[in-house]
Amino acid sequence: MTAKVFESIGKFGLALAVAGGVVNSALYNVDAGHRAVIFDRFRGVQDIVVGEGTHFLIPWVQKPIIFDCRSRPRNVPVITGSKDLQNVNITLRILFRPVASQLPRIYTSIGEDYDERVLPSITTEILKSVVARFDAGELITQRELVSRQVSDDLTERAATFGLILDDVSLTHLTFGKEFTEAVEAKQVAQQEAERARFVVEKAEQQKKAAIISAEGDSKAAELILARSRNITYLPSGQSVLLQLPQ
C-alpha cells in the first residue's frame, strides 16, 4: 500500500514537472524598450508586434525574435571624393532605432542584423552623393551645411528601410596626403609673406622716423639761427654788445 502511494506521488510529481516545463516554454518576456516579432513554423512571420511584458506562445511551433527599439549609436567611416577630386576621410555618427510597427517587414526582408546590412551601405551612398557637390575648401568652410545636407538625405533614405535616425553628425573630416601637404605649404607661404610684409613695413616706419627726426633737427637749427641773427659780438677786449637795427 505504501509503495503504491509513493509510486502515485512520483507519477504526480513527474506529471507536474512536465506540465511546468510546458508552461515555462510557453512563456517569454519582452524587456523595456524592446519589441518582439513572432515566427510561426507553419505560417511564417506574424504581422503583429508584441510589446513589453510576459506573453504566451505555442511551444515548438512559435518563436519570439526580440528587437531593441531604443536609440543606439553607430560610427560609420567612409572614404570618398570631393568636387575637385580630393580624397576625403569622413566618419559619421548615427543614432538610430527601428520603427516598431515595421519590425515584421524588417525581419523578413533584412534580418535581425539590419543595422549591419543597411547603415554602412546607405551612409556610404549618401556621403558620396553629398560630398561630391562641394570642393575641398567648401567642405571646411561650410561644414555645417554639409552635415545638415547629409542628415536630411540620410534620414529620408533610412526611412525606406523602416529606420529612424535621431541624430546624424560629422565627427571626423580629413583630406588625403597631397591636399594636406598643399594646404600646409600654402600656410607656410602665407606666413613667409606676412613676415616679409612686416619687415618691409618696419623698415618704412624706421625710414619715416629718421626723416621726421632729421626734419626736426633741421627746424631746430633754423630756429636757433633765426634767434641769433640780430646779435653781434665785439672783438675780444670789448665787453659791450651792440644791438644792430634790423
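The rules behind each value
- Residues numbered from 1 in each chain as written.
- Predicted model: local features only at pLDDT ≥ 70, side-chain atom pairs only at ≥ 80, totals over all residues.
- Heavy atoms only, no water.
- UniProt positions renumbered as here; feature names shortened; annotations may be inferred.
- Helix = DSSP H or I, 4+ residues; strand = E, 2+ residues; numbered from the N terminus.
- Buried < 20%, exposed > 50% of the residue type's maximum accessible area, 1.4 Å probe, protein only.
- Contact = heavy atoms within 4.5 Å.
- Phe/Tyr/Trp six-rings, centres within 6.5 Å; stacked < 30°, edge-to-face > 60°.
- Salt bridge = Lys/Arg side-chain N within 4 Å of Asp/Glu carboxyl O.
- Polar contact = N/O pair within 3.5 Å; in protein donor to acceptor, adjacent residues only side chain to side chain.
- Axes fitted to C-alpha atoms, helices over the stretch in contact; angles between N-to-C directions.
- Parallel < 35°, antiparallel > 145°, perpendicular 65-115°, else oblique.
- Left-handed = near helix turned anticlockwise from the far one by under 90°.
- Core = buried A, V, L, I, M, F, W, Y, C linked by side-chain atoms within 4.5 Å.

- In the annotation of an unreviewed UniProt entry, the protein is listed under the name Prohibitin and assigned to Hipposideros armiger.
- Its UniProt record gives the protein the following Sequence similarities (unreviewed entry) comment, quoted word for word: "Belongs to the prohibitin family."
- For the record of the protein, the UniProt heading Subcellular location (unreviewed entry) holds the text "Mitochondrion inner membrane".

Remarks on the overall build of the protein
- Secondary structure assignment for the protein yields six helices and 10 strands.
- Buried residues in the protein amount to 27% of all 246 residues.
- Sequence-distant contacts in the protein: of pairs separated by 6 or more residues, those separated by 24 or more amount to 65%.

Digging into the packing of aromatic side chains
- Here the structure, examined in full by the defined rule, presents three aromatic pairs.
- Pairing Phe 67 with Tyr 107 gives two aromatic rings, centres 6.3 Å apart and planes at 80°, and the pair type is edge-to-face. Of the two residues, Phe 67 sits in strand β5 (residues 62–68) while Tyr 107 sits in helix α2 (residues 103–109), which places them 40 residues apart along the sequence. Here the two residues Phe 67 and Tyr 107 agree in accessibility, since each one is buried.
- Aromatic rings pair up to connect Phe 67, Phe 96, Tyr 107 and Tyr 114 into one cluster.

Quick look at the pattern of salt bridges
- Enumeration according to the criterion identifies nine salt bridges in this entry.
- Of the charged contacts, one joins Asp 115 and Arg 74 as a salt bridge, the two residues approaching to 3.8 Å between their closest N and O atoms. Of this pair, Asp 115 sits in helix α3 (residues 114–131) while Arg 74 sits in strand β6 (residues 72–81), and the two are 41 residues apart along the sequence.
- Two residues, Glu 125 and Arg 157, come together in a salt bridge whose shortest N-O distance is 3.0 Å. Of this pair, Glu 125 sits in helix α3 while Arg 157 sits in helix α5 (residues 143–159); the two residues are 32 residues apart in sequence, bridging distant segments of the chain.
- One network of salt bridges, in which partners are shared, links Arg 74, Asp 115 and Glu 116.

A closer look at the side chain of Arg 74
- Taking the relative accessible area as the measure of exposure, Arg 74 reaches 18% and is therefore buried.
- A polar atom in the side chain of Arg 74 sits 3.1 Å from the side chain of Glu 116.

Thoughts on the packing of α3 against α5
- Two numbers describe how α3 lies on α5: the axes approach to 9 Å, and their chain directions differ by 140°. On the basis of their axis angle, the class for α3 and α5 is oblique. For the element pair α3 and α5, the recorded crossing hand is right-handed. Residues Ile 122, Thr 123, Glu 125, Ile 126, Leu 127 and Val 130 of α3 form the contact with α5, whose participating residues are Val 146, Gln 149, Val 150, Asp 153, Leu 154, Arg 157 and Ala 158.

Re the environment of Leu 85
- Checked against the element boundaries, Leu 85 lands in the loop between β6 and β7 (87–98).
- For the pair Leu 85 and Ala 132, spaced 47 residues apart in the sequence, the C-alpha separation amounts to 8.3 Å.

A look at the nonpolar core
- Membership of the largest hydrophobic core comes to 36 residues, with the highest contact counts inside it found for Leu 92, Val 150, Leu 154 and Leu 165.
- If you list the elements that add at least two residues to this core, you get β5, β6, β7, α2, α3, α4 (136–141), α5 and β8 (163–175).
- No other element matches the eight residues that α3 contributes to this core.
- When sequence neighbours within four positions are dropped, the list of residues in contact with Leu 154 reads Leu 92, Ile 94, Ile 122, Thr 123, Ile 126, Leu 165 and Val 168.
- Core analysis: the next-biggest nonpolar cluster, separate from the first, contains six residues, Val 30, Ala 36, Val 50 and Leu 57 among them.

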